[in-house]
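Next come the chains, spelled out residue by residue.
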Amino acid sequence: MTSFQLDPIKTCVSLPAGAGRPFCKHLKSKAKGDQRLGFRMLSRVLKREGKDFFLVSPTEKLRIEVEDAPFLAVELERTGRGKSQRLVFRTNVDDVVIAGEAHPLHVDENPINGEPAPYIEVRDGLWALINRSVYYELAELIQPAPKVPNEWGVISEECFFKLGSLDASECA
């Protein structure tokens with residue numbers, strides 16, 4: 001077993017996350033081994049209230065800054081095909097989630113450049129930004145929406161998740 005000593009949580013109170021970067025990449029522990037263990041432990045005490053994020057211990061509740069999403073989806077595994085297909089994501093803190101009703105996917109679009117920003121809900125209103133390489137893997141699985149013309153997306157656990165749409169001018 002790795003022994004480690006974490007600084008008191010209050011040392012993280014003023015630690016801002018970089019623009020668009022998950023907070024766990026920026027946390028420093030005094031681990032004498034795998035720092036990921038410290039990151040994972042801190043991710044377990046991360047809570048969201050409205051638009052604010054907090055590290056919550058039994059005695060303290062400290063606000064932290066998260067500019068985009070607190071986690072990053074870094075790996076995708078597909079099992080099954082068709083309606084029985086399951087899309088399994090792993091985050092940068094080793095959470096594993098299956099896209100479905102409990103863990104929806106959604107894509108925001110940058111209003112200035114139209115670039116997609118895809119996310120999956122990890123737990124309790126905490127989302128993971130899907131990194132670019134994983135998003136490209138999703139794009140390889142894209143199919144037309146079953147009921148809406150010109151919409152495209154993926155299916156996981158019998159749920160359709162829209163990733164984008166095309167209008168007639170884009171098809172020419």
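All of the points below concern the structure found in this document. (Residues numbered from 1 in each chain as written. Predicted model: local features only at pLDDT ≥ 70, side-chain atom pairs only at ≥ 80, totals over all residues. Heavy atoms only, no water.)

### Describing the overall build of the protein chain
Turning to step 1, where the next piece is worked out: Looking only at helices and strands, the protein chain features three helices and 14 strands.
Turning to step 2, where the next piece is worked out: Within the span of the protein chain, comprising 172 residues, buried residues form 38% of the whole.
Turning to step 3, where the next piece is worked out: Intrachain contacts of the protein chain at a sequence separation of at least 6 include 47% that bridge at least 24 residues.
Turning to step 4, where the next piece is worked out: Accessible area of the protein chain: about 10400 Å², with a carbon and sulfur share of 51%. (Helix = DSSP H or I, 4+ residues; strand = E, 2+ residues; numbered from the N terminus. Buried < 20%, exposed > 50% of the residue type's maximum accessible area, 1.4 Å probe, protein only. Contact = heavy atoms within 4.5 Å. Areas by Shrake-Rupley, 256 points an atom, 1.4 Å probe, with all protein chains shown as cover.)

### Observations regarding the sheet that holds strand β14 (residues 159–165)
Turning to step 1, where the next piece is worked out: Reading across from one edge, β12-β13-β14 is the order of the three strands in this open sheet, with antiparallel pairing throughout. Among the strands making up the open sheet, the edge pair consists of β12 (143–144) and β14.
Turning to step 2, where the next piece is worked out: The sheet contact formed by strand β13 (residues 151–156) and β14 spans six bridges and is antiparallel. Bridge pairing in β14 places Ile155 opposite Phe160. (Pairing = 2+ DSSP bridges.)

### Examining the layout of surface pockets
Turning to step 1, where the next piece is worked out: Here the largest pocket is characterised by a volume of approximately 270 Å³.
Turning to step 2, where the next piece is worked out: Mapped by element, the contributors of at least two residues to the lining of the largest pocket are β9 (105–109), β10 (116–123), β11 (126–130) and α2 (132–139).
Turning to step 3, where the next piece is worked out: The space that makes up the second largest pocket amounts to roughly 150 Å³.
Turning to step 4, where the next piece is worked out: Lining the second largest pocket, in full, are Val107, Asp108, Glu109, Gly114, Pro116, Tyr135, Lys162, Leu163, Gly164 and Ser165.
Turning to step 5, where the next piece is worked out: For the lining of the second largest pocket, the secondary-structure elements that each account for two or more residues are β9 and β14.
Turning to step 6, where the next piece is worked out: A per-element tally of the lining of the second largest pocket places β14 first, with four residues.
Turning to step 7, where the next piece is worked out: Of the residues assigned to the lining of the second largest pocket, the class counts are four nonpolar, three polar and three charged. (1 Å grid on protein atoms, 1.4 Å probe; cavity = no way out; pocket = protein on both sides within 12 Å on 5 of 7 lines; lining within 4 Å. Points joined across faces, edges and corners; volume = space filled by probe spheres on them. Nonpolar A, V, L, I, M, F, W, Y, C, P; charged D, E, K, R; others polar.)

### Observations concerning the environment of Gly153
Turning to step 1, where the next piece is worked out: One can find Gly153 in strand β13.
Turning to step 2, where the next piece is worked out: Residue Gly153 is classed as buried on the basis of its relative accessible area of 0%.
Turning to step 3, where the next piece is worked out: Each C-alpha atom of the pair Gly153 and Leu163 lies 4.5 Å from the other, and the pair is 10 residues apart in sequence.
Turning to step 4, where the next piece is worked out: Leaving out residues up to four positions away in the same chain, Gly153 has contacts with Leu141, Ile142, Gln143, Phe160, Phe161, Lys162 and Leu163.

### Re the nonpolar core
Turning to step 1, where the next piece is worked out: In this structure, Leu87, Phe89, Leu105, Ile120, Ile130, Leu138 and Val154 are the most contacted members of the largest nonpolar core, which totals 27 residues.
Turning to step 2, where the next piece is worked out: Those elements giving two or more residues to this core turn out to be β4 (52–56), β6 (71–79), β7 (86–91), β10, β11, α2 and β14.
Turning to step 3, where the next piece is worked out: Apart from residues lying up to four places away in sequence, Ile120 is in contact with Ala73, Phe89, Val97, Ala99, His103, Pro104, Leu105, Leu126, Trp127, Ala128 and Ile130.
Turning to step 4, where the next piece is worked out: In terms of nonpolar packing, the next biggest core, distinct from the first, is built from five residues, Ala69, Leu72, Tyr119 and Leu129 among them. (Core = buried A, V, L, I, M, F, W, Y, C linked by side-chain atoms within 4.5 Å.)

### Description of α2
Turning to step 1, where the next piece is worked out: All of the buried residues in α2 are Val134, Tyr135 and Leu138. When α2 is viewed along its axis, its buried side chains cluster within an angular range of 100° and face the same direction. (Arc of directions from axis to C-beta.)

### Considerations on the pairing of strand β3 (residues 46–49)
Turning to step 1, where the next piece is worked out: One ladder, built from four bridges, connects β3 with β4; its direction is antiparallel. Directly across from Glu49, in β4, lies its bridge partner Asp52.
Turning to step 2, where the next piece is worked out: Following β3, the chain reverses through two residues before pairing antiparallel with β4; Gly50 in that reversal takes a positive phi of roughly 65°.

### Describing the packing of aromatic side chains
Within a pair of aromatic rings, the relevant descriptors are the distance that separates the centres and the angle that separates the planes.
Turning to step 1, where the next piece is worked out: For the structure on display, the rule yields zero aromatic pairs.
Turning to step 2, where the next piece is worked out: Here the basic side chain of Lys61 rests over the ring of Phe54, its NZ or CZ set 4.7 Å away from the ring centre. (Phe/Tyr/Trp six-rings, centres within 6.5 Å; stacked < 30°, edge-to-face > 60°. Lys NZ or Arg CZ within 6 Å of the ring centre and 35° of its normal.)

Just geometry here; none of it tells us what the structure is for.
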